[in-house]
Amino acid sequence: MIHPDPNTALSKCIVYFNDGNSRTFYSLDKTHKRSKPNQALGIRRLEKMLLQGKLKGTWETAIIYENRINGNELVKYKNGVRVF
C-alpha cells in the first residue's frame, strides 16, 4: 500500500471521531511516480475515504485544509454532510 508523504501532500484532512479521538490524513495527489501533483485528485480521494471507505460512519467532523502553515479550509463535513 502506498502511503502519502506529509511533506509533499497538497492537502490534509483532520478527522474527529465519534469516540473523541482525532487523526490527520494526508492526500495522495499523484496517479503515478512521475506525474504532476493534482490537488483536486487528492481531495476527491480524501472524500472517498470519508464517505465510502473504511471510515464511513465512524466520524463526526472532518475538515480538509491546504497542507501549509495556516492553510485555508477547503471543505468541511459534519455527520457525513458537506457544510462548506
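Residues numbered from 1 in each chain as written. Predicted model: local features only at pLDDT ≥ 70, side-chain atom pairs only at ≥ 80, totals over all residues. Heavy atoms only, no water.

### Looking at the pattern of salt bridges
Worth spelling out the cut-off: Throughout this description, the term salt bridge denotes a Lys or Arg side-chain nitrogen within 4 Å of a carboxyl oxygen of Asp or Glu. Numbering of helices and strands starts at the N terminus; helices are DSSP runs of H or I of at least 4 residues and strands are runs of E of at least 2. Three exposure classes are used, based on accessible area relative to the maximum for each residue type with a 1.4 Å probe and protein chains only: buried under 20%, partly exposed in between, and exposed over 50%.
All chains considered together, the criterion is met by 3 salt bridges. Between E47 and R82 there is a salt bridge; the shortest N-O distance is 3.7 Å. With E47 in helix 1 (residues 39-51) and R82 in strand 5 (residues 81-82), the pair connects residues that are 35 residues apart, well separated along the chain. Linking E66 and R68 is a salt bridge whose minimum nitrogen-to-oxygen distance equals 2.2 Å. Given a relative accessible area of 16%, E66 falls into the buried group.

### Observations regarding the sheet that holds strand 5
Cut-off, in case you're wondering: A pair of strands is treated as paired once DSSP finds two or more bridges between them.
Spatially, 2-1-3-4-5 is the arrangement adopted by the 5 strands of the open sheet, whose pairing is antiparallel. The sheet terminates laterally at strand 2 (22-26) and strand 5, the two strands that pair on one side only. Here 7 bridges tie strand 1 (residues 11-17) to strand 3 (residues 59-66), and the two strands are oriented antiparallel to one another. Within strand 3, the residue paired with F17 across the bridge is W59.

### Considerations on the packing of aromatic side chains
Rules: Under the pairing criterion, centres of Phe, Tyr and Trp rings, with the six-membered ring standing for Trp, must be within 6.5 Å; the plane angle then separates stacked pairs below 30 degrees from edge-to-face pairs above 60, leaving the rest tilted.
According to the stated counting rule, one finds 1 aromatic pair in the structure shown. Plain terms: the ring middles of W59 and Y77 are 6.3 Å apart, the flat faces sit at 80° to each other, and that makes the pair edge-to-face. Highlighted residues: W59 in strand 3 and Y77 in strand 4 (residues 73-78), separated in sequence by 18 residues. When its relative accessible area of 6% is taken as the criterion, W59 is described as buried.

### A short note on the environment of R34
With respect to the helices, strands and loops of the structure, R34 is situated in the loop between strand 2 and helix 1. The sequence separation of R34 and N21 amounts to 13 residues, and the corresponding C-alpha distance is 36 Å.

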